[in-house]
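The residues making up each chain are set out below.
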Amino acid sequence: MRILFWLGLLVLIILALKKKMQPPRAGSGSSGYPGNSADSENAGSRNTESAETMVCCAHCQIYLPASEAVQRGEQVYCSKEHADLA
Ligand SMILES: [Zn+2]
């Protein structure tokens, strides 16, 4: 009778461990935890990209990130060439 108690306890411990392991995977979808972490990394980089200010070239009206723009006075340009042309 005593071994049944220990067997039951062992099963309970295994179930508890399984439950502890599963929530992150189950919570993040069936594809698994690693995929989800990659998704959140992508979302983070997407957020930083979309957070960057987009500026319009005063010469060709193309939109580009402000960090890549060339500024001349109050106008911004997509390249040095367009800045020199204007
Ligand atoms: Zn341009």
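So, here's what we can say about the structure. Predicted model only: the values in this text are computed from it and were never measured.

What to know about the overall build of the protein
- Tallying secondary structure elements over the protein gives 3 helices and 4 strands in all.
- Element order for the protein, N to C, with α for helix and β for strand: α-α-β-β-β-β-α.
- Looking at the protein as a whole, 14% of its 86 residues qualify as buried.
- If you take every contact in the protein between residues at least 6 apart in sequence, the share linking residues at least 24 apart comes to 4%.
- When the accessible surface of the protein is summed, it comes to about 7200 Å², and 60% of that surface belongs to carbon and sulfur atoms.

Here we look at the coordination of the zinc ion
- Listed as protein donors to the zinc ion are Cys57 (SG), Cys60 (SG), Cys78 (SG) and His82 (ND1); their distances from the metal cover 1.9 to 2.3 Å.
- For the zinc ion, the 4 donor atoms in the first shell make angles of 96 to 123 degrees at the metal, so the coordination geometry reads as tetrahedral.
- Given the relative accessible area of 0%, Cys57 is considered buried.
- Look at Cys78 and you get partly exposed, because its relative accessible area is 23%.

Remarks on the packing of aromatic side chains
- Here the structure, examined in full by the defined rule, presents 1 aromatic pair.
- Measuring from ring centre to ring centre gives 5.4 Å for Phe5 and Trp6, while their planes differ by 70 degrees; the resulting arrangement is edge-to-face.

As for a nonpolar patch on the surface
- On the surface, Phe5, Trp6, Leu9, Val11, Leu12, Ile13, Leu15 and Leu17 cluster together into a nonpolar patch covering about 790 Å² of accessible area.
- If you trace the backbone, Leu17 turns up in helix α1 (residues 2-27).

So, how was this worked out
- Residues numbered from 1 in each chain as written.
- Predicted model: local features only at pLDDT ≥ 70, side-chain atom pairs only at ≥ 80, totals over all residues.
- Heavy atoms only, no water.
- Helix = DSSP H or I, 4+ residues; strand = E, 2+ residues; numbered from the N terminus.
- Buried < 20%, exposed > 50% of the residue type's maximum accessible area, 1.4 Å probe, protein only.
- Contact = heavy atoms within 4.5 Å.
- Areas by Shrake-Rupley, 256 points an atom, 1.4 Å probe, with all protein chains shown as cover.
- Donors = N, O, S within 2.8 Å, 3.2 Å for Na, K, Ca; no water.
- Tetrahedral: all angles 85-135°; square planar, octahedral: opposite > 155°, others 65-115°.
- Phe/Tyr/Trp six-rings, centres within 6.5 Å; stacked < 30°, edge-to-face > 60°.
- Patch = residues over 30% accessible without salt bridge, like charges linked within 9 Å, V, L, I, M, F, W, Y side chains within 5 Å.
- Salt bridge = Lys/Arg side-chain N within 4 Å of Asp/Glu carboxyl O.

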